[in-house]
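Each chain is listed here by its residues.
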Amino acid sequence: ILALMFWPYPYLLIDRDLPGIGSFTESSKITKGNLLSLFGLSLAMLGIVLLGGIGTLGIGLIFLIPFSILVQTVAYAEMTSQ
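In short, a report on the structure. (Residues numbered from 1 in each chain as written. Predicted model: local features only at pLDDT ≥ 70, side-chain atom pairs only at ≥ 80, totals over all residues. Heavy atoms only, no water.)

**Let's talk about the packing of aromatic side chains**
Next, step 1: Here the structure, examined in full by the defined rule, presents 4 aromatic pairs.
Next, step 2: With a centroid separation of 5.3 Å and 90 degrees between ring planes, the pair formed by Phe6 and Phe24 is classed as edge-to-face. Taken together, the positions of Phe6 in helix H1 (residues 2-6) and Phe24 in helix H3 (residues 20-30) put the pair 18 residues apart, joining distant regions of the chain.
Next, step 3: According to the relative accessible area criterion, Phe6 is partly exposed, its value standing at 27%.
Next, step 4: Measuring from ring centre to ring centre gives 5.8 Å for Trp7 and Tyr11, while their planes differ by 80 degrees; the resulting arrangement is edge-to-face.
Next, step 5: On the accessibility criterion, Tyr11 (18% relative accessible area) is buried.
Next, step 6: Within the aromatic cluster, the residues linked to one another by ring pairs are Phe6, Tyr9 and Phe24. (Phe/Tyr/Trp six-rings, centres within 6.5 Å; stacked < 30°, edge-to-face > 60°. Helix = DSSP H or I, 4+ residues; strand = E, 2+ residues; numbered from the N terminus. Buried < 20%, exposed > 50% of the residue type's maximum accessible area, 1.4 Å probe, protein only.)

**Remarks on the side chain of Ser27**
Next, step 1: Looking at the element boundaries, Ser27 is found in helix H3.
Next, step 2: In contact with Ser27, other than residues within four places in its own chain, are Met5, Phe6, Pro8, Tyr9 and Leu12. (Contact = heavy atoms within 4.5 Å.)

**Quick word on H3**
Next, step 1: When H3 is considered as a whole, its buried residues turn out to be Ser23, Ser27 and Ile30. Looking down the long axis of H3, one finds its buried residues gathered within 60 degrees of arc, a one-sided arrangement. Seen from the open side of H3, the exposed residues pointing more than 90 degrees away from its buried face are Ile21 and Lys29.
Next, step 2: Packing partners of the buried residues in H3 comprise H1, helix H2 (9-15) and helix H5 (61-79). (Arc of directions from axis to C-beta.)

None of the figures reported here should be taken as evidence of function without further support.
Set out below in structure tokens:
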């Protein structure tokens, strides 16, 4: 639960130029109503990365790890209405 609450921390450091503690408090405000959606998104991305890594003997991870980071960035942009 804590990992889901504070995952946008580095995005807030860069996007809004907040200090460390300010980023933690703002990230908990952003994710307050979205924890269930974030949990489902995290499970889906974990499944895709695991299946892609196992199915292609690890070669698929070259594409799937950047894809999962891109999905997180789009989720952050959607939660902050950007």
